[in-house]
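For reference, the chains in residue letters:
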Amino acid sequence: MNKFRLVMIATLVATFLFVGCNQQGKDSSGALASSAAEKVYVAPGEHDDFYAFISGGFSGQLSVYGLPSGRLFKVIPVFSQDAEKAWGYNEETKPMLNTSHGFVPWDDSHHPDISQTNGELDGRFVFINGNNTPRIAKIDLSVFETTEIIEIPNSAGNHSSAFVTENTEYVVAGTRFSVPIPQRDMPINEYKGNFQGSLSFISVDPEDGGMDLSFQILMPGFDYDLAHPGRGASHGWMFFSTYNSEESHSLMEVNASQNDKDFIAAVNWKKAEEYINEGKFKTMPANYAHNVYDEETHTATSTMKKEVRVLDASELPGLVYLLPTPKSPHGCDVNPTGEYIVGNGKLSSDLTVHSFAKMIDAIESEKFDGEAYGIPILSFEDVLAGTVKQAGLGPLHTEFDGQGNGYTTFFISSEVVKWKVGTWEVVDRQPCYYSVGHLMIPGGNSRKPYGKYVVAMNKITKDRYLPTGPEVTQSAQLYDISGEKMELLLDFPTVGEPHYAAGIPADLIKERSKKIYSLEENKHKYATTSDANVRVERNGNEVHIYMTMIRSHFNPDNIEGIKVGDKVYFHVTNLEQDYDVPHGVSMIGANTSELLIMPGQTETFVWEPKQVGVWPFYCTDFCSALHQEMQGYVRVSPANSDLELSWSLGED
Amino acid sequence: MKKKARILMFAGALLPLLLFVFPLWKITLEAPQYPTPLGMFIYINDFADANPHDIKNINLMNHYVGMKYIPEAIPEFKIFPAGIIITTILGLLIAWKANYKWYLYWFILMILLSSAGLYDFYLWEHDYGHDLDPKAIMKFTNPDGSVMGFQPPLFGTKDILNFTAHSYPQLGAFSLGLGMACSFVGYLLVRKENKKQ
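The model shown is predicted, which means the values in this text are computed figures rather than measured ones. Within each chain, residue numbers correspond to sequence positions counted from 1 in written order. Chain A is the first chain written and ligand 1 is the first ligand written, with later ones labelled in order. The model is predicted, so local features are restricted to residues of pLDDT at least 70 and side-chain atom pairs to those at 80 or more, both for listing and for counting; the totals for chains, interfaces and linings are taken over all residues. Side-chain numbers come from the whole structure's heavy atoms, not from hydrogens or water.

**A short note on the overall build of chain B**
As a reminder, the rule being used: To qualify as a helix, a DSSP run of H or I must reach at least 4 residues; to qualify as a strand, a run of E must reach at least 2; elements of each kind are numbered from the N terminus. As defined in this context, the radius of gyration uses C-alpha atoms, and a globule is described by 2.2 Å times the residue total to the power 0.38. Working rule for contacts: check all heavy atoms of both residues, and any pair within 4.5 Å makes them a contact. Method for areas: the Shrake-Rupley scheme with a 1.4 Å probe, in which residue coverage is limited to the protein chains shown.
Within chain B, the regular secondary structure consists of 5 helices and 5 strands. Going from the N terminus to the C terminus, chain B shows its helices and strands as α-β-β-β-α-α-α-β-β-α. A globule of 197 residues ought to have a C-alpha radius of gyration of about 16 Å, yet chain B, at 20 Å, is considerably larger. Taking contacts inside chain B between residues at least 6 apart in sequence as the whole, the part at least 24 apart equals 64%. Just so you have it, chain B exposes about 11,000 Å², and 67% of that area is on carbon and sulfur atoms.

This is the structure in structure tokens:
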């Protein structure tokens, strides 16, 4: 009996020990977690090492985060109206959202890409695509504002965008949905052979960054999904993944998934330039908006462009080659040397890697395996460099760390997989929470990646954060990739659905970040750069108020002689010339947003008073100790009143 | 030795001319909201921003407590340069022609004039810090109930409300001081030699 007891006790103790060990195991992951905390901790007042520009997806914007902390600094309004910053609400920025379809207050922003010089990030601009109403926007990183938006004609679902070439010669925008080009009234079921895709090359002025739609390449009616530029040896080429080489138009999830292989389209844009120079383009009538924000006038203008130069890939030899790539490839990624082009076949468990050198060999020896609409198809075996086998389920995107490793996201198996470029062996895998889409290594799609972190951007969050009703936060995850094994450091929420992102060392940007706008350089048509010029002018029922603001008053702050039915323009100039002293202004009942005006800047809102009375306006940004006193009144008289305009500040 | 002293007197007379190139004084205002402090250089003929727009921003701060704007120009901007030019010419004449004892007289003259200048500067500062707008937005009193002034220190460091003010001479002032020292050393050298003889 005693012996039995002893055995029982021994067993129990052993069990406890075992459990204890197990728990210790869990505790040690707790210890790991605390070291992860140290790795992402940026002490108060300290700065992050990297900027991360994370697309806002269906928010239409671009958000700016710090890495490794995951702190959100700014949401840059791009394609969607933003009442906080008056983007698309004030008179100055309304033209930025103009399109051939009129004013479009929203878009779906997907793929930011930072400008490059010699294949390395230069930190001047971020480009990002509007997916829904095809547009490309340019954000100037000296001011972190959208300064140019160009609409893309002959396009729909502007998805394989906005990727820059090695010296930012072009921003490239490919159409996801093929459409009739030019648009016309025709039966949908005559898609095959009639619908076309277009690949647009938008030149970027090396001096001022000005964008111009240089030319478009007309392509077969596939879906052009993603793209990345060649670099190094493959500079001069652009690679686009395609799906729906079936050219189906309905129940696409089935009908566009029938071919075992679709293509990566290799586009020789240097050749395209030759054809353009030789005049082998057609000039097509078009109608698209080109919107430019001028930093000195603080005002945007929208110009409608009426034609576009078009090259037909079916007719021009050497312009495009098709590389067979299995299973409806999604991401199309090029390694830092430019030799390898990864096709992430999203319905596959393997990754296909093409070799640029082998592609050139096959082209030079004219080893073609058929053609599609006159475009040569290369043989799969001839261009294949290798396959990362059984790496996961549903590969989507790949980035590189500059140490010879690729990192690929797998949507279905919800993980990031690290593999070796050249041997194609899997080195490590880490789960994502959940269903990761894009990933980003700062500079991970350039000649010079900064392979310290990878950010995984997830499509599903479920239970990772405190619940907020049916709609939960969007999320990204940060991994340390400086060691052999990846280590999950941080979850952080994002704005809208993050598609792609672009990261860059903070030092490449922060010194150039502008602090104020110079009042002396303010060329706004309605600027009031000194109190001597403050005035109110009437022109029929249009009233223009030339107003200034400085701590802590408006000038004028009492205005009389406004009448019901007037259209009142508040042109407000912030006279401050000190860092981080914006003022805001809003008028009771104005059918628009506030203005948030940076030092030295002028902005305008319109107020159409509908009721007689004395109506206040005030500063909306807590600017100073006397912010609460920063307010004023406008007297509104009946429409038939003959009260003259008058204005004052500080008078009894 | 007399030659050496004469060279010193020449140098001493010329050195104050550097006041036309380098600032005389600098006042710096530090506060938590100003990670880059506000600063003003005082030249003999100008007030200048340490960083762009600093004076405008100092004025903006100061208007809360009713201080006047720092003027674009003050009479001293005409008087001081004239004084420097006259004393330099005088010094050069002395170096060229005069007996070494005049080195001492020039030195004493410069001491007197500089002290007068500093006193004038103090008076301006005092006025600037105490002649407050009766409609000042914020009024502060000292523990004894008197109206608090906001005079920056003439020399040194002082806390004024949320600001820490520093006031120190700059290269121009050092040039002036060095020039004066030269004349005095010149005088001493000759005197020493004369005594030996």
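**Observations regarding the interface of chain A and chain B**
Heads up, the rule is: By buried area we mean the combined loss of accessible area, with a 1.4 Å probe, across both parts when two parts are placed together. Salt bridges are defined as contacts in which a side-chain nitrogen from Lys or Arg sits within 4 Å of a carboxyl oxygen from Asp or Glu. N or O atoms closer than or at 3.5 Å make up a polar contact, with two conditions inside protein: a donor-capable atom paired with an acceptor-capable one, and, for residues adjacent in sequence, both atoms drawn from side chains. Here the nonpolar group is Ala, Val, Leu, Ile, Met, Phe, Trp, Tyr, Cys and Pro; Asp, Glu, Lys and Arg are the charged ones; every other residue, Gly included, is treated as polar.
Contacts between chain A and chain B engage 12 residues on the former and 10 residues on the latter. Interface area, chain A with chain B, both sides summed: about 840 Å², of which 56% is carbon and sulfur. Among the residues chain A hides against chain B, the three largest losses belong to Arg-551, Gln-577 and Leu-626 of chain A. Together they make up 57% of the total. Applying the counting criterion to the chain A and chain B interface returns 0 salt bridges. Where chain A touches chain B, the interface holds 5 residue pairs in polar contact (both at pLDDT 80 or more). Across the side of chain A that touches chain B, the residue classes break down as 6 nonpolar, 3 polar and 3 charged.

**Notes on the pairing of strand β22 (residues 340–345) of chain A**
Residue and element names in this part refer to chain A. Convention followed: Residue exposure (1.4 Å probe, protein chains only): buried if accessible area is under 20% of the type maximum, exposed if over 50%, otherwise partly exposed. Paired strands, in this sense, are two strands between which DSSP finds at least two bridges.
Within β22, 6 of the 6 residues are buried, leaving the element largely enclosed by the surrounding structure. Between strand β21 (residues 329–334) and β22, which pair antiparallel in sequence order, lie 5 residues; one of them, Gly-338, sits at a positive phi of approximately 90°. The hairpin formed by β22 and strand β23 (residues 351–355) contains 5 residues between the paired strands.

**Concerning a nonpolar patch on the surface**
Residue and element names in this part refer to chain B. Our working rule: Residues enter patches when they are more than 30% accessible in relative terms and free of salt bridges; like-charged ones are connected within 9 Å and nonpolar ones (Val, Leu, Ile, Met, Phe, Trp, Tyr) within 5 Å.
Together, Phe-10, Leu-14, Leu-17, Leu-18, Phe-20, Val-21, Ile-85, Ile-89, Leu-90, Leu-93 and Trp-96 give the surface a local cluster of nonpolar side chains, amounting to about 930 Å² of exposed area. Those elements that place two or more of their residues in the nonpolar patch are α1 (2–14) and α3 (76–97). Counting residues per element, the nonpolar patch draws most heavily on α3, at 5 residues. If you trace the backbone, Val-21 turns up in the loop between α1 and β1 (25–31). Of the residues examined, Val-21 reaches a relative accessible area of 51% and is grouped as exposed.

**Description of α3 of chain B**
Residues and elements named next belong to chain B. Rule in force here: Here a helix's expected span is defined as the number of its residues, less one, multiplied by 1.5 Å. Here the arc refers to the directions that run from the helix axis out to each C-beta atom.
Over its 22 residues, α3 runs 31 Å from end to end, which matches the ideal 32 Å to within 8%, given 1.5 Å per residue. Taken as a whole, α3 has its buried residues at Glu-76, Phe-77, Pro-81, Ile-84, Thr-87, Thr-88, Gly-91, Ile-94 and Ala-95. Projection of α3 onto a plane perpendicular to its axis shows the buried side chains occupying an angular sector of 150°, all on one side. Turned more than 90 degrees off the buried face of α3, the exposed positions are Lys-78, Ile-79, Ile-86, Trp-96 and Lys-97. Those residues of α3 that are buried lie in contact with α1, β2 (34–43), β3 (46–49), α4 (101–130) and α5 (171–196).

**Describing the pairing of strand β26 (residues 384–388) of chain A**
All names here are of chain A. The element β26 is largely enclosed, with a buried count of 4 among its 5 residues. Relative to β26, β23 runs antiparallel, the two sharing 4 bridges. Bridged to Val-353 within β26 is Gly-386.

**Notes on the nonpolar core**
Our working rule: For this analysis, a nonpolar core means a set of buried residues of the types Ala, Val, Leu, Ile, Met, Phe, Trp, Tyr and Cys, connected via side-chain atoms within 4.5 Å.
One finds Met-40 and Phe-47 of chain B to be the most contacted residues of the largest nonpolar core, which totals 47 residues. Take this core: its biggest share by element is 8 residues, from α4 of chain B. Ignoring sequence-local partners within four residues, the contact set of Met-40 of chain B consists of Trp-25, Lys-26, Ile-27, Phe-47, Ala-48, Ala-50, Ile-55, Ile-58, Ile-70 and Trp-124 of chain B. Counting 43 residues, the second-largest nonpolar core is a separate cluster that includes Tyr-51, Met-96, Val-126 and Ala-137 of chain A.

**Digging into the domain arrangement of chain A**
All names here are of chain A. Test applied: Those domain boundaries reflect an automatic or database domain assignment.
When the domains of chain A are assigned, the result is domain 1 (50–512) and domain 2 (519–648). With centres defined by C-alpha atoms, the gap from domain 1 to domain 2 works out at 43 Å. Roughly 1,100 Å² is buried in total at the junction of domain 1 and domain 2, and carbon and sulfur atoms are behind 47% of that figure. At the boundary of domain 1 and domain 2, one finds 1 salt bridge. Across the pair Lys-523 and Glu-296 runs a salt bridge whose closest N-O atoms are separated by 3.9 Å. Linking domain 1 with domain 2 are 6 residue pairs in polar contact (both at pLDDT 80 or more). Residue composition of the side of domain 1 that touches domain 2, by class: 4 nonpolar, 4 polar and 4 charged.

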